[in-house]
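Structural description and commentary
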2 protein chains.
Amino acid sequence: MNADQLTVLIIKYLKENKKGALEKVIDELQPYDIAQLYQNLPGKHHFKFLLYLSPQQIADLIQELDSDLQIEILHRLGIEKSSKVMDLMENDDLADLLSELSVEKIQEYLAAMKSEDSTYVQNLMTYSPETAGGLMTNQFVWIKNDYTVRDAVDKLKSFAEMNHTIYYLYVINDNKELVGVVSYRDMLLSNIDEKISDIMFNRVISVPVDLDQEEVAQLIQRYDFVAVPVVDEKNKLLGIVTVDDVIDVVIQEANEDIEKLSASGKDIDFNTKATTASFRRLPWLILLLFIGLISGSIISGFEDTLEQVVALVFFMPMIAGMTGNTGTQSLAVVVRGLISHDLDRKTVVKLVTRELGVGLIIGITCGALIAIIAYVWLGPIYSLIVGGSLILTLIIGTMAGTIIPLLLYRFNIDPAVASGPLITTLNDIFSLIVYFSFATAFLSYL
Amino acid sequence: MNADQLTVLIIKYLKENKKGALEKVIDELQPYDIAQLYQNLPGKHHFKFLLYLSPQQIADLIQELDSDLQIEILHRLGIEKSSKVMDLMENDDLADLLSELSVEKIQEYLAAMKSEDSTYVQNLMTYSPETAGGLMTNQFVWIKNDYTVRDAVDKLKSFAEMNHTIYYLYVINDNKELVGVVSYRDMLLSNIDEKISDIMFNRVISVPVDLDQEEVAQLIQRYDFVAVPVVDEKNKLLGIVTVDDVIDVVIQEANEDIEKLSASGKDIDFNTKATTASFRRLPWLILLLFIGLISGSIISGFEDTLEQVVALVFFMPMIAGMTGNTGTQSLAVVVRGLISHDLDRKTVVKLVTRELGVGLIIGITCGALIAIIAYVWLGPIYSLIVGGSLILTLIIGTMAGTIIPLLLYRFNIDPAVASGPLITTLNDIFSLIVYFSFATAFLSYL
């Protein structure tokens, strides 16, 4: 059964009030699929559909949706039922959801929730969303280091309703400090009366609550973990970050890099409205428009040269374009590389030297090529002007694409400023100045 | 202790032949950290360092390294010790490593390995590397559906040396068909004499062996799995793909998108040599150089217009640049969106309509702005020419950035062809034709 057939079937069941049949179908589905179904259903069926779901199913569904649809569901359910659903949600997702609401609404919902959960969520909301604290959940089970395996299994049983995506128990001492981790596997392979402290892994790797999410993702990726515990400055266990959240971070960071490189604006996907997408892109475009006019005013500074030799215009788009292209290439390598490298002096020197080498090789190759073409076409002086400026502009372009993002990163300026189009437009300006300066210098020979 | 201090300490132990002390330090490290240490050690210490590691530690280390370093280690160890290490490696990583070697070398190593492992690896090597088959490992444990929990635990004990990153047992019937999955957690919470078939989850989601790796990654990400079983067309269990491999796929795919958008060439990181990086970028640049010359020849077609009104050149860089910028923005949205959307007719129509809307809004806004500037600066005719062509070129630019990658994707042409610089350069040509045609039409009024 494909998605469209499923939607038709569910609408049929909803119209005919076949609650049992519908529940049977839903039970077979994964949360992601239920969310897809919900989005495919016409809006008028949404409320009835929600009525047929259990609070746990709604909690699973809501975690897969965008925040506007989440808030719509909360309104439909009302405070009382919403708070039941919220009690069952992953607390990191819930904190993200609540952060979209007004202060009064947040208070209303939190007051209706179980106090234990609501306190945790309130704490979560105080952490910056792009840190370990913002990613972590309290859906984990801790045990004391003096437990036996039997005690741990008993505790696990009392948390049996908890999310299935847990693979470790975290071991704390009397001061609530994290002292070890034990996997279900180790417990299965142990004697039931063995002490947890004898089978646990005690060189446990944890992350501080304020660590940047990109570094959390890097750590999980390097060590192939499925979860990592989060601790405060006293090594007290606060929560865990799971690998599924890390995949989302990796995708989000990659998208941010692409947004930077293309200046395409934040969070534009296939479903964004044309007006929203335009307003997110326009600020950049208007800035670039004015920078583009600077290129024009540089040309007007060389008006005398240009009026004497209109043929110079022919090579203008090629030279400006090529400089922009090499700049973009270097920029892409730097932006992507920053993800997995620390920027120490050695790395910077090595990278800048390498890109200088690239600029030289590329400049000489392309410059020689165009010099030959210009020689055959227009003679030796043009060959010198065009070839010479292309070598120089390609080296400048490569260096600008390398050094500008590194400088911005170094001084903690939002690297979004170093977007591809900006580098391209700046390189336009550099290349025109070089090209027309060369041409003016050789003007008397043309 | 930071990385540099660690390296110094290890060199000291190696020089003083302190095997025990070195082993104690190494035992505390994760595979990723051992690999970092290995790379930090001067080459002359590599062989001795390897001598002090156990085959399991070498297997862990080797999996974290690039293929040239992997092959170096194999040469150092010799066939016999290498084959021992290979027996302990994840088979998907091993298949990747072997695929870098000559046919004779592969045969030599495989002959020295345990026959069971070597057969599996040979099979793995027949699958395309970017599919489920290329990603999967045989580091999983299967059990029969008539086992009890006790039988399963016993089987697990005999695989105790196996990789710790396993969280499920996979259940097969007498025909070796995958019929269910059971987590360690479910086993812990069950009675030891319970039947596996009573506690297993039987609506198990699996992937076919030839599924594209991007779709495998999407599935694991959507469902928040830590592993997914891989089956053949008869539903026989062949292996599993784990979430850590999926993170690598997500990063690889994001890098490929950025390479496409920037035409920066495949696999260039901070460690790539200048010559290699140059040779990977040059083919694109040379192509773009010739396309750039087309822009020039278009201008030369309008030489008469240009000689009469040199002022037209002032707006050229701005118009060409802006058209390129909008094209890049649209391209980025399309390339990134293709990751999470299927391209049905509805999606395509919706996307193209949206981008047309964006083109209109952006075109009219920027066109009006530049028309006002040109009016104040140069008068009404320039205002009309510059404003009018900018509106038209921005719409064309947006559409080119949207439709070209969609068409390429549709006809299964490598979308790398639709790289950002190519779209930018094509848009240069479109925009110059529009601009000079407008200017020529209004020439008599200038």
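Residues numbered from 1 in each chain as written. Chains lettered and ligands numbered in written order. Predicted model: local features only at pLDDT ≥ 70, side-chain atom pairs only at ≥ 80, totals over all residues. Heavy atoms only, no water.

With an axial shift of 0.1 Å and an RMSD of 0.1 Å, the rotation relating chain B to chain A amounts to 180 degrees. The superposition operator between the copies reduces to a two-fold rotation axis. Both copies share a contact surface, since 100% of the interface residues of chain B are interface residues in chain A too. (Least-squares fit on C-alpha atoms with pLDDT ≥ 70 in both. Contact = heavy atoms within 4.5 Å.)

By convention here, two paired aromatic rings are described through the distance between centres and the angle between planes. Inspection of the entire model under this criterion finds 19 aromatic pairs over all chains. Ring geometry for tyrosine 38 of chain B versus phenylalanine 49 of chain B: centroids 6.2 Å apart, planes at 40 degrees, classification tilted. Residue tyrosine 38 of chain B is located in helix 3 (residues 31-40), and its partner phenylalanine 49 of chain B is located in helix 4 (residues 46-51); the two are separated by eleven residues in the primary sequence. Tyrosine 38 of chain B gets classed as buried once you look at its relative accessible area, which sits at 0%. For phenylalanine 49 of chain B, a relative accessible area of 0% translates into the label buried. Taking 6.2 Å as the distance between ring centres and 85 degrees as the angle between the ring planes, the aromatic pair formed by phenylalanine 140 of chain B and tyrosine 170 of chain B counts as edge-to-face. Linking phenylalanine 140 of chain B in the loop between helix 10 (132-135) and strand 1 (142-144) with tyrosine 170 of chain B in strand 2 (residues 168-172), this pair joins segments that are 30 residues apart in sequence. Grouping residues by exposure puts phenylalanine 140 of chain B and tyrosine 170 of chain B together as buried. Cluster of aromatic residues (ring-pair linked, three or more members): Tyr167 and Tyr168 of chain A together with Tyr167 and Tyr168 of chain B. (Phe/Tyr/Trp six-rings, centres within 6.5 Å; stacked < 30°, edge-to-face > 60°. Helix = DSSP H or I, 4+ residues; strand = E, 2+ residues; numbered from the N terminus. Buried < 20%, exposed > 50% of the residue type's maximum accessible area, 1.4 Å probe, protein only.)

For any two helices packed against each other, the geometry is given by the interaxial angle and the distance between the axes. Residues and elements named next belong to chain B. In contact at an axis separation of 9 Å, helix 16 (residues 274-301) and helix 21 (residues 420-441) are set at 0 degrees when each is read in the N-to-C sense. Of the possible angle classes, the one that applies to helix 16 and helix 21 is roughly parallel. Along its contact with helix 16, which presents Trp284, Leu288, Ile291, Gly292, Ile294, Ser295, Ile298 and Ile299, the element helix 21 presents Pro421, Leu422, Thr425, Asp428, Ile429, Leu432, Ile433 and Phe436. Counted by class, the contact of helix 16 with helix 21 contains twelve nonpolar, three polar and one charged residues. (Axes fitted to C-alpha atoms, helices over the stretch in contact; angles between N-to-C directions. Parallel < 35°, antiparallel > 145°, perpendicular 65-115°, else oblique. Nonpolar A, V, L, I, M, F, W, Y, C, P; charged D, E, K, R; others polar.)

Here we come to the sheet that holds strand 1 (residues 142-144) of chain A. Residue and element names in this part refer to chain A. If you walk across this open sheet you meet the three strands as 1-2-3, and the pairing is mixed. The open sheet is flanked by strand 1 and strand 3 (178-183), the only strands paired with a single partner. If you compare each strand with its neighbour and ignore which way they point, the axes differ by 35 degrees on average. In terms of strand pairing, strand 1 meets strand 2 (residues 168-172) through three bridges, oriented parallel. Looking at strand 2, one finds that lysine 144 is bridged to isoleucine 172. (Pairing = 2+ DSSP bridges.)

The next thing to look at is the UniProt feature "domain: CBS" (unreviewed entry) in chain A. Feature annotation in UniProt places "domain: CBS" (unreviewed entry) on residues 136-199 and 200-258 of chain A, given in this structure's numbering. The span residues 200-258 of chain A is 46% helical and 22% strand by assignment, and the distance between its end C-alpha atoms comes to 43 Å. (UniProt positions renumbered as here; feature names shortened; annotations may be inferred.)

Before going further, it helps to examine the environment of leucine 288 of chain B. The residue leucine 288 of chain B is located in helix 16 in this model. Placed 144 residues apart in sequence, leucine 288 of chain B and lysine 144 of chain B show a C-alpha to C-alpha distance of 60 Å.

Right, let's get into the nonpolar core. Counting 153 residues, the largest nonpolar core has Ile10 and Phe49 of chain A together with Ile10 and Phe49 of chain B as the members making the most contacts within it. Those residues in contact with phenylalanine 49 of chain A that sit more than four places away from it in its chain are Ile10, Leu14, Ile26, Ile34, Leu37, Tyr38 and Leu41 of chain A. In terms of nonpolar packing, the next biggest core, distinct from the first, is built from 79 residues, Ala277, Ile298 and Leu312 of chain A together with Leu394 of chain B among them. (Core = buried A, V, L, I, M, F, W, Y, C linked by side-chain atoms within 4.5 Å.)

Residues and elements named next belong to chain B. With mixed pairing, three strands are arranged side by side in an open sheet as 4-5-6. Of all the strands in the sheet, just strand 4 (207-208) and strand 6 (237-242) have a single pairing partner and so form its edges. In this sheet, strand 6 lies alongside strand 5 (residues 227-231) in antiparallel orientation, the contact comprising five bridges. Pairing of valine 231 across the sheet is with leucine 237, part of strand 6. Against the sheet, helix 14 (residues 213-223) makes contact with strand 4, strand 5 and strand 6, and its axis sits at roughly 135 degrees relative to strand 5, the strand it touches most.

Attention shifts here to the environment of alanine 374 of chain A. All names here are of chain A. Mapping alanine 374 onto the fold places it in helix 19 (residues 345-378). With a relative accessible area of 0%, alanine 374 lands in the buried category. Once the C-alpha coordinates of alanine 374 and threonine 7 are considered, the two residues, 367 residues apart in sequence, prove to be 64 Å apart. Those residues in contact with alanine 374 that lie beyond four places of it in its chain are Phe315, Gly379, Tyr382, Ser383 and Val386.

The next thing to look at is the interface of chain B and chain A. Of the residues lining the interface, 113 residues belong to chain B; the matching set on chain A comes to 113 residues. Across the chain B/chain A interface, buried area totals approximately 10,100 Å², and carbon plus sulfur atoms make up 71% of it. Three residues, Arg185, Leu188 and Phe270 of chain B, lead the burial of chain B against chain A; their summed loss comes to 9% of the area buried on that side. Our count for the contact surface shared by chain B and chain A stands at two salt bridges. (Buried area = accessible area lost by both parts, 1.4 Å probe. Salt bridge = Lys/Arg side-chain N within 4 Å of Asp/Glu carboxyl O.)

Another point: the domain arrangement of chain A. Residues and elements named next belong to chain A. For chain A, the assigned domains read domain 1 (3-135), domain 2 (142-242) and domain 3 (274-445). The C-alpha centroid of domain 2 is placed 28 Å from the C-alpha centroid of domain 1. A buried area of about 820 Å², summed over both sides, lies between domain 1 and domain 2, and 52% of it is on carbon and sulfur atoms. If you sort the residues of domain 1 by the area they bury against domain 2, Glu130, Ala132 and Leu135 come out on top, with a joint share of 54%. Linking domain 1 with domain 2 are three residue pairs in polar contact (both at pLDDT 80 or more). The biggest single contributor to the side of domain 1 that touches domain 2 is helix 10 (residues 132-135), with three residues. (Domains from an automatic or database assignment. Polar contact = N/O pair within 3.5 Å; in protein donor to acceptor, adjacent residues only side chain to side chain.)

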